[in-house]
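# Coordinate analysis (summary)
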Amino acid sequence: MNAVGIKPLPGFATLRDGYLPGNAKARSVLRITAADGLQQAVRVDVNATGNGKAKLIRLNQMGKSTVACHLSKILTQMGKLTYILDGDNLRHGLNSDLSFKAEDRAENIRRVGEVAKLFSDAGVICIACLISPYRRDREACRKILPNGDFIEVFMDVPLGVCESRDPKGLYKLARAGKIKGFTGIDDPYEPPVNCEITLKCDNGIYASPSAMAEKVICYLEYNGYLQA
Ligand SMILES: Nc1ncnc2c1ncn2[C@@H]1O[C@H](COP(=O)(O)OS(=O)(=O)O)[C@@H](OP(=O)(O)O)[C@H]1O
Ligand SMILES: Nc1ncnc2c1ncn2[C@@H]1O[C@H](COP(=O)(O)OP(=O)(O)O)[C@@H](O)[C@H]1O
């Protein structure tokens, strides 16, 4: 158990223990650290990472973007290329024609899956943070990616905690009936039954976003996803 309460998987230290992953090439790590930013990291030459694989990583529920940023930063420091596909942002561009009706959420998730597949082909680890509240849509998305390339991360955060954060005030509007079909209020969220990773609280205490990201890294390391 380290200082942030994560039990490392057998044979793995977490990054906070000062562990430099054996497969991270010093040249790549230095170069990408110097770039110091997620978008800049994406511009780094693919060959510099030595990473031939890419994965779609889904994060559910509140705190998605925050954990995704930490995850991307850690992966970048390890010499990997990453790109974050954030549902909230994509709905301003690629998916601006879609509503929050069930069929439009399905199309939203399908498009993000297809985009993630393209990133994957280019050797970039794609971190997709979408609510994707319905199981059937997540399973359809899993099928878009090659077998084993879709890693589902469930952020098991109770509605009350999400609602207490509410930085955009959307829960308040939903409770007041000013937004209809809001996930968790008057639209369902179906928790996964077969996700690869669950991030939740321990003894009522939530891990920090960076600790959650480290847990994902441990999973990826342990299962050989980050080998050069
Ligand atoms: N009705 C309704 N239900 C849920 N969410 C809503 C809704 N209306 C707007 N928003 C904002 O849209 C963000 C979620 O978009 P997603 O593309 O991830 O949703 S979905 O996967 O298609 O369900 C989500 O942003 P995040 O909080 O960053 O997830 C909300 O701010
Ligand atoms: N582990 C955490 N502990 C406390 N607050 C958090 C945590 N993760 C995220 N937050 C805060 O919760 C709010 C929502 O986080 P965000 O990452 O934008 O969620 P999402 O992308 O799921 O909507 C933000 O104000 C963020 O700072």
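This report concerns the structure included in the present document. None of these values were measured; they are calculated from a predicted model.

Each value, and the rule that gives it
- Residues numbered from 1 in each chain as written.
- Chains lettered and ligands numbered in written order.
- Predicted model: local features only at pLDDT ≥ 70, side-chain atom pairs only at ≥ 80, totals over all residues.
- Heavy atoms only, no water.
- Axes fitted to C-alpha atoms, helices over the stretch in contact; angles between N-to-C directions.
- Helix = DSSP H or I, 4+ residues; strand = E, 2+ residues; numbered from the N terminus.
- Parallel < 35°, antiparallel > 145°, perpendicular 65-115°, else oblique.
- Left-handed = near helix turned anticlockwise from the far one by under 90°.
- Contact = heavy atoms within 4.5 Å.
- Nonpolar A, V, L, I, M, F, W, Y, C, P; charged D, E, K, R; others polar.
- Core = buried A, V, L, I, M, F, W, Y, C linked by side-chain atoms within 4.5 Å.
- Buried < 20%, exposed > 50% of the residue type's maximum accessible area, 1.4 Å probe, protein only.
- Pairing = 2+ DSSP bridges.
- Near = heavy atom within 4 Å.
- Polar contact = N/O pair within 3.5 Å; in protein donor to acceptor, adjacent residues only side chain to side chain.
- Salt bridge = Lys/Arg side-chain N within 4 Å of Asp/Glu carboxyl O.
- Phe/Tyr/Trp six-rings, centres within 6.5 Å; stacked < 30°, edge-to-face > 60°.
- Lys NZ or Arg CZ within 6 Å of the ring centre and 35° of its normal.

### Comments concerning the packing of helix α3 (residues 64-77) against helix α9 (residues 209-222)
Interhelical geometry of α3 versus α9 gives an angle of 55 degrees and a closest axis separation of 8 Å. By the angle between their axes, α3 is oblique relative to α9. Where α3 crosses over α9, the handedness of that crossing is right-handed. Together, T66, V67, H70, L71, I74 and L75 of α3 and P209, S210, M212, A213, E214, V216, I217 and L220 of α9 make up the contact between the two elements. In terms of residue class, the contact of α3 with α9 is made up of 10 nonpolar, three polar and one charged.

### Re the nonpolar core
The nonpolar side chains of a soluble globular protein tend to be buried with one another. Grouped together as the largest cluster of nonpolar side chains are 29 residues, with contacts concentrated most on L71, L75, L199 and L220. At the level of secondary structure, the elements contributing two or more residues to this core comprise α3, β3 (125-129), β4 (150-156), α8 (170-175), β5 (197-200) and α9. The dominant element in this core, judged by the number of residues it contributes, is α9, at six residues. Not counting residues up to four positions away in its chain, the partners in contact with L71 are I57, I127, A213, V216 and I217.

### Remarks on the pairing of β3
Of all five residues making up β3, five are buried, and the element is well covered by its neighbours. Alignment of strand β2 (residues 82-86) against β3, held across five bridges, turns out to be parallel. Bridging from a neighbouring strand, I84 pairs with I127 of β3.

### Structural notes on the site of ligand 1
Contacts to ligand 1 come from 18 residues, most closely from K64, R91, R105, N108 and S132. At 3.1 Å, a side-chain N or O of K168 approaches an oxygen atom of ligand 1. Listed by contribution, the elements that provide at least two residues to the shell around ligand 1 are α4 (87-90) and α5 (102-121). Of the residues forming the shell around ligand 1, the biggest block, three residues, is contributed by α5. Considering only residue class, the shell around ligand 1 consists of seven nonpolar, five polar and six charged.

### Let's talk about the pattern of salt bridges
One pass over the full model with this rule turns up 11 salt bridges. Among the ionic pairs, E107 bridges to R111, the shortest N-O distance being 2.7 Å. Here the residue E107 and the residue R111 both occupy positions in helix α5, the gap between them amounting to four residues, near one helical turn. Between E139 and R142 there is a salt bridge whose closest N-O contact spans 3.5 Å. Of the two residues, E139 and R142 both sit in helix α6 (residues 135-144), three residues apart, roughly one turn of that helix. We classify E139 as partly exposed; its relative accessible area is 25%. Taken together, the shared-partner salt bridges in this structure form one network comprising R138, E139, R142, E152 and E196.

### Some remarks on the packing of aromatic side chains
Applying the stated criterion across every chain yields a total of four aromatic pairs. Centre to centre, the rings of Y171 and F182 are 5.1 Å apart; their planes meet at 80 degrees, and the pair counts as edge-to-face. Taken together, the residues Y171 in helix α8 and F182 in the loop between α8 and β5 connect sequence positions 11 residues apart. Of the two residues examined, Y171 and F182, each falls in the buried class. The side chain of R91 reaches across the aromatic face of F100, ending 3.7 Å from its centre.

Any functional reading would require information that these geometric values do not contain.
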